[in-house]
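Summary of structural features
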Amino acid sequence: MNIIHQLTAKPWEATAELPLLLQHSNQQNKRVALKVFLGVVTVLFMLLIVAYAGRMAYEDWRPAPQIKLMWANTGVLFLGSLGLELAKYAVRRGQQKLLQRSLLAAGLCTFMFLLGQAQAWRELGALVFFDVTNPAIAFFYLITGLHGLHLIGGLVVWGQTLARLWGGFELEKVRHSVELCTLYWHFLLLVWIVLFGLLFTGNNLDELMIICGIKGRT
C-alpha cells in the first residue's frame, strides 16, 4: 500500500505551504539582487571620487563655488530617508494610515530634493566665471546627475508600492517593497553625504586622497 501511495502521489499538491515558500524565495532573490546592485553603484561612485581626487592635483583646477541651497537639499533628503524608516516601522506593526502618510512624505521630500538639485544647477550656471569647461563644474553636474538618476529609479518603485497600498493591497504584500525602498534610500543618503562632504564643501584634496587610498594618513 505504501508503494501504491507513493506512485499515485501528486507532488504539486503535496503541501499548502508551496506558494508561501515560492513567495519567500522571490523576496530573498529581490533582496540579494538589490544588494548586488548597491555594490555596483558603490564601485561606480568610488571610481568617480578617485577620478575627482586625481583631477584636483592639476594646476588648472578651480574648486566649484559653495551653493548654500545644497545644505537645504541634504536636509530634505535626510527627511525622506527618515520618512521611509517610519514607513518600515508602520508596516511591521500593521499601522496602515501611518504607513500611507510616511510613504507619501518620503516621496514628496525626495521630489523636493530633486527640484532643489535642479535649482542648484541653475544657480551654478548663472555664475559667469563657472561654466562646464571648468573640470570641477563638470564633475559637479556628472555626480549630482548620476545620484539624481538613481533616486528617480527608486521613485518608480516607491510609486508602485504607494499605488498598491492605496489600491487595497494587504500590508503584508507591500512590506517587502517598503523594506527594500528603505534600504535603497538609506544607501543613497549615505552616498550623498559622502559626496557632499568631500566634493562640494571646499578643496579637500588631502581627505579625498586618504579615503580613496591614494595617500596614506600622516
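Being a predicted model, the structure only gives us computed values, none of them experimental.

On to the overall build of the protein chain. Each helix and strand counted, the protein chain has 7 helices and 0 strands in total. In the protein chain, which comprises 218 residues, the share counted as buried stands at 38%. Within the protein chain, residue pairs in contact and separated by at least 24 positions form 79% of the contacts whose partners lie at least 6 positions apart. Summing over all exposed atoms, the protein chain offers an accessible surface of approximately 12,900 Å²; the carbon and sulfur share of this is 66%.

So, on to the pattern of salt bridges. Summed over all chains, the structure comprises 4 salt bridges. Here arginine 31 makes a salt bridge to glutamate 179, at a shortest N to O gap of 3.4 Å. Taken together, the residues arginine 31 in helix 2 (residues 18-56) and glutamate 179 in helix 6 (residues 171-199) connect sequence positions 148 residues apart. For arginine 31, a relative accessible area of 22% corresponds to the partly exposed category. The shortest N-O distance in the salt bridge between glutamate 179 and arginine 175 comes to 3.1 Å. Residue glutamate 179 and its partner arginine 175 are located together in helix 6, separated by 4 residues, close to a single helical turn. Salt bridges sharing partners connect three or more residues here, namely Arg31, Arg92, Arg175 and Glu179.

You can see lysine 88 is positioned in helix 3 (residues 69-92). The contacts of lysine 88, once residues within four sequence positions are left out, are Val178, Glu179 and Thr182.

What follows concerns the packing of helix 4 (residues 96-126) against helix 6. The interhelical angle for the contact between helix 4 and helix 6, taken along N-to-C directions, is 30°, at an axis separation of 12 Å. Classed by the angle they form, the pair helix 4 and helix 6 counts as roughly parallel. Here helix 4 and helix 6 pass one another in a crossing that is left-handed. Where helix 4 abuts helix 6, its residues Gln96, Leu99, Leu103, Thr110, Phe113 and Gln117 lie against Leu171, Val174, Val178, Trp185 and Trp192.

Packing of helix 5 (residues 135-166) against helix 6 brings their axes to within 10 Å, and their N-to-C directions diverge by 165°. Taken together, helix 5 and helix 6 sit at an angle that is classed as roughly antiparallel. For helix 5 against helix 6, the interelement crossing comes out left-handed. In contact with Ile143, Thr144, His147, His150, Leu151, Gly154, Leu155, Val157, Trp158, Thr161, Arg164 and Leu165 of helix 5, helix 6 contributes Leu171, Val174, Ser177, Val178, Cys181, Tyr184, Trp185, Leu188, Val191, Trp192, Leu195 and Leu199.

How each quantity is defined
- Residues numbered from 1 in each chain as written.
- Predicted model: local features only at pLDDT ≥ 70, side-chain atom pairs only at ≥ 80, totals over all residues.
- Heavy atoms only, no water.
- Helix = DSSP H or I, 4+ residues; strand = E, 2+ residues; numbered from the N terminus.
- Buried < 20%, exposed > 50% of the residue type's maximum accessible area, 1.4 Å probe, protein only.
- Contact = heavy atoms within 4.5 Å.
- Areas by Shrake-Rupley, 256 points an atom, 1.4 Å probe, with all protein chains shown as cover.
- Salt bridge = Lys/Arg side-chain N within 4 Å of Asp/Glu carboxyl O.
- Axes fitted to C-alpha atoms, helices over the stretch in contact; angles between N-to-C directions.
- Parallel < 35°, antiparallel > 145°, perpendicular 65-115°, else oblique.
- Left-handed = near helix turned anticlockwise from the far one by under 90°.

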